[in-house]
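Below, each chain spelled out in residue letters.
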Amino acid sequence: MMQSPTTRIPQYMLGSAAALSLSLSGCTTNPGPNYEQPGFFYEVDEAGETVAEPPELPAAVMDAIRATLNGETVMVAGVRIEGSDLYVVYVRNRGFCGSGGCRAQIWRHDRQVTERLEPLPVGRLPIVRLQNGDDGNVRLGVTVSDATTDPYLLGVELNAEGWDPDGWSADLATHIGTPILSRPMLQPIENAGQ
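Attention in this report is confined to the structure presented alongside it.

Conventions adopted
Residues numbered from 1 in each chain as written. Predicted model: local features only at pLDDT ≥ 70, side-chain atom pairs only at ≥ 80, totals over all residues. Heavy atoms only, no water. Disulfide = S-S within 2.5 Å. Buried < 20%, exposed > 50% of the residue type's maximum accessible area, 1.4 Å probe, protein only. Pairing = 2+ DSSP bridges. Helix = DSSP H or I, 4+ residues; strand = E, 2+ residues; numbered from the N terminus. Salt bridge = Lys/Arg side-chain N within 4 Å of Asp/Glu carboxyl O. Arc of directions from axis to C-beta. Contact = heavy atoms within 4.5 Å. Phe/Tyr/Trp six-rings, centres within 6.5 Å; stacked < 30°, edge-to-face > 60°. Lys NZ or Arg CZ within 6 Å of the ring centre and 35° of its normal. Axes fitted to C-alpha atoms, helices over the stretch in contact; angles between N-to-C directions. Core = buried A, V, L, I, M, F, W, Y, C linked by side-chain atoms within 4.5 Å.

Observations concerning the state of the cysteines
The bond known as a disulfide is covalent and runs between the sulfur atoms of two cysteines. Enumeration over the complete set of coordinates arrives at 1 disulfide. Note that Cys97 is cross-linked by a disulfide to Cys102, the S-S spacing being 1.8 Å. For the disulfide bridge between Cys97 and Cys102, the dihedral angle about the S-S bond is near 105°, and by the sign convention the bridge is right-handed. With relative accessibility at 2%, the residue Cys102 sits in the buried group.

Below, the structure is given as structure tokens:
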């Protein structure tokens, strides 16, 4: 009688499987992101890269963003620009983005007013904080690229109206600045505007 060949699983993989089994035994009813398993390696889909915390935005800003979305479900990442009443909000979905990326929104929020200013140029995450300009205006770097270039930072300066394309701008290396918004910060807003 002919025996079928036996597949041997290396010892180090058995330990990983046991650890995975132990970590899964304490799971709640939240199934988490969908995974595909080619071979022994998990590949996390893009939606699975989100973090557990909601965007760092006040309720008034979140409500104002929802009001602009016409009931669409989108991915949002947002952060307050330290030392200001400005918030950078990256909204990603098919309706807001194209092949070059998305236009990050700039919101001003204080206790009386929440208003959307001129958005940043089309780009991708991360968005970084740069050193303020000589006049004290906030400077950001937006990650941009096209079919003919490697990614780089487009440096822009914010003013009272948001971003002014006629103001300071510079093409910068991707390794400078301090990241303030990154892809893992994206969170879904479901049933937006309802």
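Observations concerning the pairing of strand S8 (residues 114-117)
The pairing of strand S7 (residues 105-109) with S8 spans 4 bridges and is classified as antiparallel. In the strand pairing of S8, Ile106 is matched with Leu117. Where S7 hands over to S8, the hairpin turn is made up of 4 residues, counted between the paired strands.

Describing the pattern of salt bridges
Applying the stated criterion across every chain yields a total of 5 salt bridges. In this structure, Arg103 and Glu118 form a salt bridge, with 3.4 Å as the shortest nitrogen-oxygen distance. Taken together, the residues Arg103 in strand S6 (residues 101-103) and Glu118 in the loop between S8 and strand S9 (122-130) connect sequence positions 15 residues apart. In this structure, the salt-bridge partner of Arg139 is Glu157, at a minimum N-O distance of 2.6 Å. Here Glu157 lies in strand S11 (residues 152-159) and Arg139 lies in strand S10 (residues 139-144), a separation of 18 residues in the sequence. Since its relative accessible area comes to 17%, Arg139 is described here as buried.

Concerning helix H2 (residues 59-67)
The complete set of buried residues in H2 reads Val61, Met62 and Ile65. Looking down the long axis of H2, one finds its buried residues gathered within 100° of arc, a one-sided arrangement. Exposed positions of H2 whose direction lies more than 90 degrees from the buried face are Ala59 and Ala67. Close packing links the buried residues of H2 with strand S4 (86-92), S7, S8 and strand S15 (187-189).

Digging into the packing of aromatic side chains
One pass over the full model with this rule turns up 0 aromatic pairs. Looking at Arg139, its charged tip hangs above the ring of Trp168, at a distance of 3.8 Å from the centre.

Notes on the sheet that holds S8
Taken together, the 5 strands give an open sheet; going across it, the order is S8-S7-S4-S3-S15, and neighbouring strands pair in antiparallel fashion. Lying at the two open borders of the sheet, with one neighbouring strand each, are S8 and S15. Direction aside, neighbouring strands of the sheet carry axes that sit 35° apart on average. Lying on the sheet, H2 is in contact with S4, S7, S8 and S15; it crosses S7 at an angle near 135°.

Quick word on the pairing of S10
Burial runs high along S10: 6 of the 6 residues are buried. With burial as the criterion, each face of S10 is covered, one bearing Arg139, Gly141 and Thr143 and the other bearing Leu140, Val142 and Val144. Note that S9 and S10 share 5 bridges and pair antiparallel. When the bridges of S10 are listed, Ile127 appears paired with Val142.

Regarding the nonpolar core
Counting 25 residues, the largest nonpolar core has Val88, Tyr90, Leu120, Ile127, Leu140, Leu158 and Leu181 as its most contacted members. Elements represented by at least two residues in this core include exactly strand S3 (74-80), S4, S9, S10, S11 and strand S14 (178-181). Dropping the residues within four chain positions of it, Leu120 is found in contact with Val88, Arg103, Ala104, Ile106, Ile127, Leu140, Val142, Val156, Leu158 and Trp163. Counting 12 residues, the second largest nonpolar core, distinct from the first, contains Val61, Ile65, Val91 and Ile189.

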